[in-house]
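Topology and contacts: notes
Residue-level listing of the chains:
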Amino acid sequence: MSHFNWQYDHHIHQWLVLTPAGHPITHTESPLEVITCLLDLIITHKEIWALKILHQDISINNAMMYEEALPDGTVRVQGLLVDFDYAVKVDGSSHTTGPADHMGTVPFMATEPLQAGEDSSVQHTASS
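Computed from a prediction, not measured in an experiment: that's the story for all the values here.

1. A word on the overall build of the protein chain
Each helix and strand in the protein chain was counted, giving three helices and five strands. Taken from the N to the C terminus, the helices and strands of the protein chain come in the order β-α-β-β-β-β-α-α. Relative to its 128 residues, the protein chain shows a buried fraction of 27%. For the protein chain, the exposed surface amounts to about 9500 Å²; the carbon and sulfur share of it is 59%.

2. So, helix 1 (residues 31-50)
Spanning 20 residues, helix 1 covers 29 Å between terminal C-alpha atoms, matching the ideal 28 Å at 1.5 Å per step. Within helix 1 the residues assigned to the buried category are Glu33, Cys37, Asp40, Leu41, His45 and Ile48. End-on view of helix 1: buried residues confined to an arc of 140°, all on one side of the axis. Residues of helix 1 that are exposed and point more than 90 degrees away from the buried face comprise Pro31, Leu32, Ile35, Ile42, Lys46 and Ala50.

3. Considerations on unusual backbone geometry
With a phi close to 70°, Gln56 is a non-glycine residue in the positive phi region. Within the fold, Gln56 resides in the loop between strand 2 (53-54) and strand 3 (63-69).

4. What to know about the sheet that holds strand 4 (residues 75-81)
Each strand in a sheet pairs with another by means of backbone hydrogen bonds, the pair being arranged parallel or else antiparallel. Strand order in the open sheet made by the three strands is 1-3-4, with antiparallel pairing throughout. Strand pairing shows two members of the sheet lacking a second neighbour, strand 1 (23-24) and strand 4, which therefore form its edges. Direction of pairing for strand 3 relative to strand 4: antiparallel, over a ladder of seven bridges. Residue pairing across strands places Met64 opposite Leu80, the latter belonging to strand 4. Lying over the sheet, helix 1 contacts strand 3 and strand 4, oriented at roughly 45° with respect to strand 4.

5. A look at the nonpolar core
Core analysis: the largest hydrophobic core is formed by eight residues, namely Ile25, Cys37, Leu41, Ile48, Ala63, Met65, Val77 and Leu81. Secondary structure elements with two or more residues in this core: helix 1, strand 3 and strand 4. Counting residues per element, this core draws most heavily on helix 1, at three residues. The contact partners of Leu41, leaving out residues within four places of it in the chain, are Ile25, Ala63, Gly79, Leu80 and Leu81.

6. Overview of the pairing of strand 3
Consecutive side chains along a regular strand alternate between the two faces of the sheet. As judged from the two bridges shared by strand 1 and strand 3, these two strands associate in the antiparallel manner. When the bridges of strand 3 are listed, His23 appears paired with Met65. Between strand 3 and strand 4, which follow one another and run antiparallel, lie five residues, and Gly73 among them has a positive phi close to 95°.

Criteria and thresholds
- Residues numbered from 1 in each chain as written.
- Predicted model: local features only at pLDDT ≥ 70, side-chain atom pairs only at ≥ 80, totals over all residues.
- Heavy atoms only, no water.
- Helix = DSSP H or I, 4+ residues; strand = E, 2+ residues; numbered from the N terminus.
- Buried < 20%, exposed > 50% of the residue type's maximum accessible area, 1.4 Å probe, protein only.
- Areas by Shrake-Rupley, 256 points an atom, 1.4 Å probe, with all protein chains shown as cover.
- Expected span 1.5 Å × (residues − 1).
- Arc of directions from axis to C-beta.
- Pairing = 2+ DSSP bridges.
- Contact = heavy atoms within 4.5 Å.
- Axes fitted to C-alpha atoms, helices over the stretch in contact; angles between N-to-C directions.
- Core = buried A, V, L, I, M, F, W, Y, C linked by side-chain atoms within 4.5 Å.

As structure tokens, then:
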């Protein structure tokens, strides 16, 4: 009989490489490109929220951009939300159905759960 109580969450690490690969959002060349990328990120967040998926790690590190060449020869910049490692399904209450520990990029997390030492609720995660 083991003296250790080994408990852990099972994680599956998968990579899906898409073309074109994005660039960090910090590589935009104009304020209009930044606004365009941020608007795309907000729309993406809203769309995954409608699917009851909570990203839980939205930060500048997970905001990417790519340039799409349009048929008329112009280039359109689009924002990409990446890194869904900590994403969870929302069960309809104010809590998530995923792991209960604090996740995400600390400077971008809601401060209330960190200060109180409690689990992050959907409202905290959405506000951060």
